Amino acid sequence: MEALLKRELGTAKLKATGHSGGGCISEGLSYDTDFGRVFAKINYKNQARQMFDGEKASLEAILSTNAIKAPRPMKVVDLNQGGAVFVMEHVDMRLLSRYSAQLGEQLADLHLHNKRQKEKQIKAEQTIGKGSGQSEVPVVDRFGFHVVTCCGYIPQVNDWQTDWVSFYTQQRLQHQLGLVEQAYGDREARELWASLQLKVPQLFSAVEVEPALLHGDLWSGNAADYLDGPIIFDSGSFYGHSECDLALGSMLGGFSRRFYNAYHQKIPKAPGFGKRLKLYQLFHKLNQWNHFGNSYRESSLCMMKDLLK
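Everything quoted here is computed from the prediction, not taken from an experiment. (Residues numbered from 1 in each chain as written. Predicted model: local features only at pLDDT ≥ 70, side-chain atom pairs only at ≥ 80, totals over all residues. Heavy atoms only, no water.)

K.L.:
Would you take a moment to explain the pairing of strand E10 (residues 223-226) for this structure?
P.N.:
The two faces of a sheet get side chains in turn, since along a regular strand they alternate between them. Burial along E10 is two-sided: Ala223 and Asp225 and Ala224 and Tyr226, pointing in opposite directions, are all buried. For E10 and strand E11 (residues 229-232), the ladder comprises four bridges, and the chain directions are antiparallel. The residue of E11 that forms the bridge with tyrosine 226 is glycine 229. Two successive antiparallel strands, E10 and E11, enclose a turn made up of two residues, where leucine 227 displays a positive phi of approximately 45 degrees. (Buried < 20%, exposed > 50% of the residue type's maximum accessible area, 1.4 Å probe, protein only. Helix = DSSP H or I, 4+ residues; strand = E, 2+ residues; numbered from the N terminus. Pairing = 2+ DSSP bridges.)

As structure tokens, this is what we get:
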């Protein structure tokens, strides 16, 4: 693999530093190269290329907003024996602590970026002599993403839709439940979903959803302290409802009250926030069921029953 990376990166030097990382999906190693230190995520699954291409596009989109720090992506390389390597900037990180509040502020800025771009464009179009109002970062008026991204190793359906409730119902929950059906043929899940999908639109009757660029898999394990601020990584981005990005972290814990207070100072909780948060947590419960098996069945079904109350 090291000879392949040397060739693909165009470096004569490729020395392992002893720094390693990774989680339950991929492993990681750091190398010193002719142009500095890099971090290589390695995955041997057949779908690794798609997963890493989506992560690379996610990091590029996040960085284009200048709202929050993320590792600078470099290149995805196919391995000869199957799988792929994703090479990116090496970042020295520490456990998220000092910059929790700043993370909340900057995450809100990320979520507000597209809305602010839209407002700037409208203002420019209404101002005589300001031209077409085109910005360097295009305004997105739909929900989805331009490439497939993954949450874990499961690909997400990111086809563009103009209606958020349809997008989330069909391309997030229905997709996950379809995978549950394929793997387990779970009758109770099928019956609960038949009732729940009729109730979902009611949870959005008092809120207008603007497309926001999301991290897509945000919890305390995918955020850290870095130099003079926070950093986020391991993203599976798409344009969706900003509240989505709070679901996994609130389910797993790890973010402090300072994080949430700072976030909600910029994006206050809308009516019905608590119920919708549980709806967004349901996606992650189902995703865990599909990743890790039937140990997540009961908690998934309980969440569906709570949403039906």
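Still more to cover.
K.L.:
Looking at this structure, I do not really get the sheet that holds E11. What am I missing?
P.N.:
The strands making up a sheet associate through backbone hydrogen bonding, with each pair oriented either parallel or antiparallel. Strand order in the open sheet formed by three strands is E6-E10-E11, and the pairing between neighbours is antiparallel. The outermost strands of the open sheet, each flanked by one partner alone, are strand E6 (94-95) and E11. Sheet analysis places E6 next to E10, joined by two bridges and oriented antiparallel. Among the inter-strand pairings, arginine 94 is bridged to a residue of E10, identified as aspartate 225. On the sheet, helix H3 (residues 100-126) packs against E10 and E11 and is oriented at approximately 55 degrees with respect to E11. (Contact = heavy atoms within 4.5 Å. Axes fitted to C-alpha atoms, helices over the stretch in contact; angles between N-to-C directions.)

K.L.:
Please explain unusual backbone geometry as it appears in this structure.
P.N.:
A negative phi holds for most residues other than glycine; trans holds for most peptide bonds. Positive phi is not limited to glycine here, since asparagine 66 has a value of about 55 degrees. With respect to the element layout, asparagine 66 can be found in the loop between helix H2 (48-64) and strand E4 (73-78). Positive phi, normally seen in glycine, also occurs at leucine 227, with a value near 45 degrees.

K.L.:
For this particular structure, what's the right way to read the packing of helix H4 (residues 164-184) against helix H5 (residues 187-199)?
P.N.:
Each pair of packed helices can be described by the angle between their axes along with the distance between the axes. Taken N-terminus to C-terminus, the directions of H4 and H5 make an angle of 165 degrees; their axes are 11 Å apart at the nearest point. It follows that H4 is roughly antiparallel to H5 by the angle criterion. When you trace H4 past H5, the crossing you get is left-handed. Taking contact as the criterion, the partners of Thr169, Leu173, Gln174, Leu177 and Glu181 in H4 are, on H5, Ala189, Arg190, Trp193 and Gln197. Looking at the contact of H4 with H5 residue by residue, the classes come out as four nonpolar, three polar and two charged. (Parallel < 35°, antiparallel > 145°, perpendicular 65-115°, else oblique. Left-handed = near helix turned anticlockwise from the far one by under 90°. Nonpolar A, V, L, I, M, F, W, Y, C, P; charged D, E, K, R; others polar.)

K.L.:
What should I look at first to understand the packing of helix H8 (residues 273-292) against helix H9 (residues 297-308) in this one?
P.N.:
At a closest axis distance of 9 Å, the pairing of H8 and H9 adopts a crossing angle of 155 degrees. Relative to H9, the element H8 lies roughly antiparallel. Regarding H8 and H9, the two cross each other, and that crossing is left-handed. Residues Lys275, Lys278, Leu279, Gln281, Leu282, Lys285, Leu286 and Trp289 of H8 form the contact with H9, whose participating residues are Arg297, Ser299, Ser300, Leu301, Met303, Met304, Asp306 and Leu307. Class assignment for the residues of the contact of H8 with H9 results in eight nonpolar, three polar and five charged.

K.L.:
Before we go on, may I ask you to explain the pattern of salt bridges in this structure?
P.N.:
Opposite charge on two side chains permits them to pair, given that their charged atoms come into close proximity. In the structure shown here, the tally under the stated rule is 20 salt bridges. Its salt-bridge partner being lysine 266, residue aspartate 109 comes within 2.8 Å of it at the nearest N-O pair. Residue aspartate 109 is found in helix H3, and its partner lysine 266 is found in helix H7 (residues 257-266); the two are separated by 157 residues along the sequence. Take aspartate 109: its relative accessible area is 18%, and that puts it in the buried class. As a salt-bridge pair, lysine 278 and aspartate 306 come within 3.8 Å of each other at their nearest N and O atoms. (Salt bridge = Lys/Arg side-chain N within 4 Å of Asp/Glu carboxyl O.)

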